[in-house]
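Observations on chain architecture
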Amino acid sequence: YKRQNYDNVRVPESHLIGEVNRRRTTGKIARGGFATKEALYADVLGHAQRIYDQVAAYAKERKGAGRPIIQHANIAAMLGEAAANLEAARAFVYRAAWEHDEEVKEERQTNTFWSGHAVFYVVKKMALRLCEIAYDVYGGVGGSVELDLGRFIRRVYTWYAPGQTANMNTIECSRGYNRHI
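Below or above, wherever it landed, is the structure these notes cover. (Residues numbered from 1 in each chain as written. Predicted model: local features only at pLDDT ≥ 70, side-chain atom pairs only at ≥ 80, totals over all residues. Heavy atoms only, no water.)

The next subject is the side chain of R90. With respect to the element layout, R90 can be found in helix α2 (residues 73–106). Its relative accessible area of 16% is what places R90 among the buried residues. (Helix = DSSP H or I, 4+ residues; strand = E, 2+ residues; numbered from the N terminus. Buried < 20%, exposed > 50% of the residue type's maximum accessible area, 1.4 Å probe, protein only.)

Moving on: the pattern of salt bridges. Applying the stated criterion across every chain yields a total of nine salt bridges. A salt bridge links R50 to D148, with the nearest nitrogen and oxygen atoms 3.3 Å apart. Note that R50 is positioned in helix α1 (residues 34–61) and D148 in the loop between α3 (113–138) and α4 (149–160), a separation of 98 residues in sequence. Judged by its relative accessible area of 36%, R50 is partly exposed. Judged by relative accessible area, D148 falls into the partly exposed class, the value being 24%. (Salt bridge = Lys/Arg side-chain N within 4 Å of Asp/Glu carboxyl O.)

Counting 39 residues, the largest nonpolar core has V123, M126, V137 and F152 as its most contacted members. Sort the elements by how many residues they give to this core and α3 lands first, with 15 residues. Every residue in contact with F152, bar those within four places of it in the chain, is listed here: V44, H47, A48, I51, A127, L130 and C131. (Core = buried A, V, L, I, M, F, W, Y, C linked by side-chain atoms within 4.5 Å. Contact = heavy atoms within 4.5 Å.)

It is worth spelling out the environment of W114 at this point. When you line up the elements, W114 lands in helix α3. A relative accessible area of 10% means that W114 is categorised as buried. A C-alpha to C-alpha distance of 7.7 Å links W114 and G176, two positions 62 residues apart in sequence.

Just distances and angles here, no functional claims.
Here it is as structure tokens:
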């Protein structure tokens, strides 16, 4: 890996984040670290939405016992759970972004509950459960290389590894939410 420097590069002011001739990581933009994580959470949510849409489309096309498998109660229940988890995670990320904006506006101390621990926990849990549900719905073809699911599974499980364990995340969530040490 070779680090690249971009000296003497002209960038329109409208494309900059923050003040002109100021580093992006200074000031209030990256305060609390959440600003740097927003893109990651949004990207995972977008990828999860695409996987969900593909799985739901497959369930509408695939026939089992003479009807689309989405009409079977167990498949419908799994897709309903996945949809609810996805929307809950999305709402949680929106709330966390709003909380971060309010902290920056009011120059309050960053609350670790909203700045990452709880969001990371909720998004990870949603993505892991979506992997399980998608694989169950696809059945034997779930491991097919043509599907985006395999890439999503690799991404989720490798993303899960460097973060804290679920228990550590929930302990940090408690500390941030209840403001105890």
